[in-house]
Amino acid sequence: MTIVENRKASHEYFIEERYEAGIVLEGWEVKAIRAGRAQLKEAYVMVSNEEIFLIGAHISPAASTHVQADPVRTRKLLLHAEEIRRLIGRVDRAGYTLVPIDLHYVRGRVKINIGLAKGKKQYDKRAAEKEKDWKREQQRLLRSR
């Protein structure tokens, strides 16, 4: 079940591969995510020291007085070592980037889908928008018959 989706990711990038990763979260963050207080709009994924981090994801804390919450703290992502090595190689050599796609639950645990992506040019974005409009128009024409 999807909690939050980064809709900007598919508009800005060609997503070639998807990976599911765990996230290192604190208790208040899990509680806030379950309450729907998470955003991936400005978030990005970065590789550092053979580890992968989610930066800029905003999780607003629920009303809590005993925890000093940092809503945009850097969170570590959990992947298999082989997946991390493969991602590091692709990001370093081939000009790819890692983008968060969505937060979701798997058996009660919060997971994140990250995509290995290449940036779209402006004309690619326009072509994708035109294609989407054409598909919508086709559906409308088929329904009206």
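Use the structure listed above.
S.K.: Describe the overall build of the protein chain, naming the residues involved and giving the relevant values.
M.R.: Within the protein chain one finds four helices and nine strands. Mapped from its N terminus to its C terminus, the protein chain presents α and β elements in the order β-α-β-α-β-β-β-β-β-α-β-β-α. Within the protein chain, the proportion of its 145 residues that are buried is 32%. Partitioning the contacts of the protein chain with sequence separation of at least 6, the portion at a separation of at least 24 is 66%. Summed over all atoms, the accessible surface of the protein chain reaches about 9,700 Å², with 48% contributed by carbon and sulfur. Across the protein chain, the 29 positively charged side chains and the 20 negatively charged ones have centroids separated by 5 Å.

S.K.: Please provide a residue-by-residue account of the pairing of strand S9 (residues 109-119), values included.
M.R.: The side chains of a regular strand alternate, residue by residue, between the two faces of the sheet. Pairing between strand S2 (residues 13-23) and S9: nine bridges, direction antiparallel. By the bridge assignment, Arg18 is partnered in S9 with Gly115. Here strand S8 (residues 97-106) folds back onto S9 in antiparallel fashion, the turn holding two residues, of which Arg107 has a positive phi close to 50°.

S.K.: Can you break down the pattern of salt bridges residue by residue, with the values?
M.R.: Counting across every chain of the model gives 10 salt bridges. Of the charged contacts, one joins Arg90 and Glu17 as a salt bridge, the two residues approaching to 2.7 Å between their closest N and O atoms. Of this pair, Arg90 sits in helix H3 (residues 81-94) while Glu17 sits in strand S2; the two residues are 73 residues apart in sequence, bridging distant segments of the chain. For Arg90, a relative accessible area of 25% puts it in the partly exposed group. Look at Glu17 and you get partly exposed, because its relative accessible area is 24%. Arg136 serves as the salt-bridge partner of Asp133, at 3.1 Å between the closest nitrogen and oxygen. Taken as a pair, Asp133 and Arg136 lie in helix H4 (residues 122-144) at a separation of three residues, close to a single helical turn.

S.K.: Requested: an account of the nonpolar core, with residues and values cited.
M.R.: The biggest cluster of nonpolar side chains holds 28 residues, and the ones touching the most others in it are Ile52, Leu77, Leu79, Leu87, Leu103, Ile112 and Ile114. Breaking this core down by element, the ones donating at least two residues are S2, helix H2 (27-34), strand S5 (51-55), H3, S8 and S9. By residue number, the principal contributor to this core is S9, which donates four residues. The contact partners of Leu87, leaving out residues within four places of it in the chain, are Tyr19, Ile52, Leu79, Leu98, Ile114 and Leu116.

S.K.: Explain the side chain of Asp102 to me, and be specific about the residues and the numbers.
M.R.: Along the chain, Asp102 falls in strand S8. The buried charged residue Asp102 lacks any salt bridge partner; its closest oppositely charged side chain belongs to Arg18, at an N-O distance of 6.1 Å. Those residues in contact with Asp102 that sit more than four places away from it in its chain are Thr2, Val4, Glu5, Leu40, Lys111, Ile112 and Asn113.

S.K.: Explain the environment of Asn113 to me, using residue names and the numbers behind them.
M.R.: Its place among the elements puts Asn113 in strand S9. What Asn113 contacts, discounting residues up to four positions off in sequence, is Tyr19, Glu20, Val99, Pro100, Ile101, Asp102 and His104.

S.K.: I'd like a rundown of the environment of Lys120, residues and numbers included.
M.R.: Mapped onto the secondary structure, Lys120 falls in the loop between S9 and H4. The sequence separation of Lys120 and Gly22 amounts to 98 residues, and the corresponding C-alpha distance is 27 Å.

Rules of the game
Residues numbered from 1 in each chain as written. Predicted model: local features only at pLDDT ≥ 70, side-chain atom pairs only at ≥ 80, totals over all residues. Heavy atoms only, no water. Helix = DSSP H or I, 4+ residues; strand = E, 2+ residues; numbered from the N terminus. Buried < 20%, exposed > 50% of the residue type's maximum accessible area, 1.4 Å probe, protein only. Contact = heavy atoms within 4.5 Å. Areas by Shrake-Rupley, 256 points an atom, 1.4 Å probe, with all protein chains shown as cover. Lys, Arg positive; Asp, Glu negative; His and termini not counted. Charge placed at Lys NZ, Arg CZ, Asp CG, Glu CD. Pairing = 2+ DSSP bridges. Salt bridge = Lys/Arg side-chain N within 4 Å of Asp/Glu carboxyl O. Core = buried A, V, L, I, M, F, W, Y, C linked by side-chain atoms within 4.5 Å.

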